[in-house]
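As a plain string of letters, each chain reads:
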Amino acid sequence: MNSMSILLNDLYIVLSVSLLAVLFGMVCAFYLEEWLPKTNWIRRSVESLVAILTGIPSLFYGILAIGFFFLSAGALKAIGIFPLPQNVEAIPFQRGTTLFYAGALTFIFMVMPVTIKTTQSALRSVVTPIRETAYALGASQWQVLTRQVVPLAFTQILAGGCRAMSRAFATAALLVGIYTWHYTTEPGGMPSKFILFLSIALFLSILSSTFIEMDNSDSAQYS
């Protein structure tokens, strides 16, 4: 298996980890918003950390991921810090357990805070009178959450998940593009995997904007 195949295999696994991080981030957001009081120190600490991580530009995460994935493969030589070796194609792609976990954590830190923040915002968008009316009719907290809150906030939650995964696929496209640019000498322009990841990132970004616009239209209709 060549180094490009190993890179793509790693990216597929990391993107799967990112999807799991999105789902776990949604669960965390539900727990923080619906079960923990605002004065709880755990909630305040997590929300402060989320605010810091979501404020970091995606480009920084991309550079961090590039460092993790390519540092041990001689990427510093390829970008001009050192002379480019003659046998570039023969450079082994060093992949250790520590390197893989570092890359996976980069993607998790990139998508999970965004998911938590957007999911919490979606849950807060459900106005209090709806919850109070359901409680007054005898509904439990779980029934209010599943029958009232989630259906009303579902579109915004989906938008946040799409936005988070869009960041992950855009970074994956960046990794493939830079690796192909520096480590292959074959002509033919951009590789198909780069175009695929970038197209998915663009599609998810447009889908996220569409969901937000749909939610705004529904809110305006019922206001």
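As shown above, the structure is provided for reference.
In this report, we go over the structure that sits alongside the text. (Residues numbered from 1 in each chain as written. Predicted model: local features only at pLDDT ≥ 70, side-chain atom pairs only at ≥ 80, totals over all residues. Heavy atoms only, no water.)

**Concerning the overall build of the protein chain**
Here is step 1 of the chain: Of the regular secondary structure elements, the protein chain holds eight helices and zero strands.
Here is step 2 of the chain: Ordered by position from N to C terminus, the α and β elements of the protein chain give α-α-α-α-α-α-α-α.
Here is step 3 of the chain: Within the protein chain, the fraction of its 223 residues that count as buried is 40%.
Here is step 4 of the chain: Sequence separation of at least 24 residues holds for 83% of the intrachain contacts in the protein chain that already meet a minimum separation of 6.
Here is step 5 of the chain: Split by element, the accessible area of the protein chain, about 12,600 Å² in all, is 67% carbon and sulfur. (Helix = DSSP H or I, 4+ residues; strand = E, 2+ residues; numbered from the N terminus. Buried < 20%, exposed > 50% of the residue type's maximum accessible area, 1.4 Å probe, protein only. Contact = heavy atoms within 4.5 Å. Areas by Shrake-Rupley, 256 points an atom, 1.4 Å probe, with all protein chains shown as cover.)

**Looking at helix 2 (residues 41–54)**
Here is step 1 of the chain: An ideal rise of 1.5 Å per residue puts 20 Å on 14 residues; helix 2 measures up with 20 Å between its terminal C-alpha atoms.
Here is step 2 of the chain: When we look at burial in helix 2, the residues that qualify are R43, V50, L53 and T54. Projected down its long axis, helix 2 carries its buried residues within an arc of 100°, all on one side. What points out from helix 2, more than 90 degrees from its buried face, is the exposed set W41 and I52. (Expected span 1.5 Å × (residues − 1). Arc of directions from axis to C-beta.)

**Comments concerning the environment of A164**
Here is step 1 of the chain: Within the secondary structure, A164 sits in helix 7 (residues 141–183).
Here is step 2 of the chain: A sequence separation of 44 residues divides A164 from S208, and the C-alpha atoms of the two residues are 9.3 Å apart.
Here is step 3 of the chain: Residues contacting A164, with those up to four places away along its chain left out, are V22, V111, V114 and T115.

**Points about the packing of aromatic side chains**
Aromatic ring pairs are described here by two measures, namely the spacing of the ring centres and the angle between the planes.
Here is step 1 of the chain: The final tally for this structure, using the stated rule, is one aromatic pair.
Here is step 2 of the chain: Between F169 and F197, the ring centres sit 5.9 Å apart and the planes meet at 50°, which makes this aromatic pair tilted. Placement of F169 in helix 7 and of F197 in helix 8 (residues 192–222) is noted, with a sequence separation of 28 residues between them.
Here is step 3 of the chain: Assessed through its relative accessible area of 1%, F197 is described here as buried. (Phe/Tyr/Trp six-rings, centres within 6.5 Å; stacked < 30°, edge-to-face > 60°.)

**Overview of a nonpolar patch on the surface**
Here is step 1 of the chain: Judged by side-chain polarity, L19, L20 and L23 come together as a nonpolar surface patch covering roughly 290 Å² of accessible area.
Here is step 2 of the chain: On the secondary structure map, L19 appears in helix 1 (residues 3–34).
Here is step 3 of the chain: By relative accessible area, L19 is classed as partly exposed at 44%. (Patch = residues over 30% accessible without salt bridge, like charges linked within 9 Å, V, L, I, M, F, W, Y side chains within 5 Å. Salt bridge = Lys/Arg side-chain N within 4 Å of Asp/Glu carboxyl O.)

**What to know about the nonpolar core**
Nonpolar side chains in soluble globular proteins generally cluster together in the buried interior.
Here is step 1 of the chain: Formed by 41 residues in total, the largest nonpolar core has its most connected members in L11, L15, F107, V111, A168, F169 and F197.
Here is step 2 of the chain: Elements supplying a minimum of two residues to this core: helix 1, helix 3 (58–70), helix 5 (97–124), helix 7 and helix 8.
Here is step 3 of the chain: Broken down by element, the residue count for this core peaks at 15 residues, all from helix 7.
Here is step 4 of the chain: Residues L32, L36, V50 and I116 belong to the second largest nonpolar core, which totals six residues. (Core = buried A, V, L, I, M, F, W, Y, C linked by side-chain atoms within 4.5 Å.)

**A few points about the pattern of salt bridges**
Here is step 1 of the chain: The full count for this structure, using the stated rule, is five salt bridges.
Here is step 2 of the chain: R124 is the salt-bridge partner of E33, the closest N and O atoms lying 3.0 Å from each other. Of this pair, E33 sits in helix 1 while R124 sits in helix 5, placing them 91 residues apart in sequence.
Here is step 3 of the chain: On the accessibility criterion, E33 (16% relative accessible area) is buried.
Here is step 4 of the chain: Looking at R124, the relative accessible area reads 47%, which means it is partly exposed.
Here is step 5 of the chain: With its nearest N and O atoms 2.9 Å apart, the salt bridge here joins E47 to R43. Here E47 pairs with R43, and both are found in helix 2, just four residues apart, close to one helical turn.
Here is step 6 of the chain: Of the residues examined, E47 reaches a relative accessible area of 24% and is grouped as partly exposed.
Here is step 7 of the chain: Sharing partners across several salt bridges, the network here consists of E33, R43, E47 and R124.

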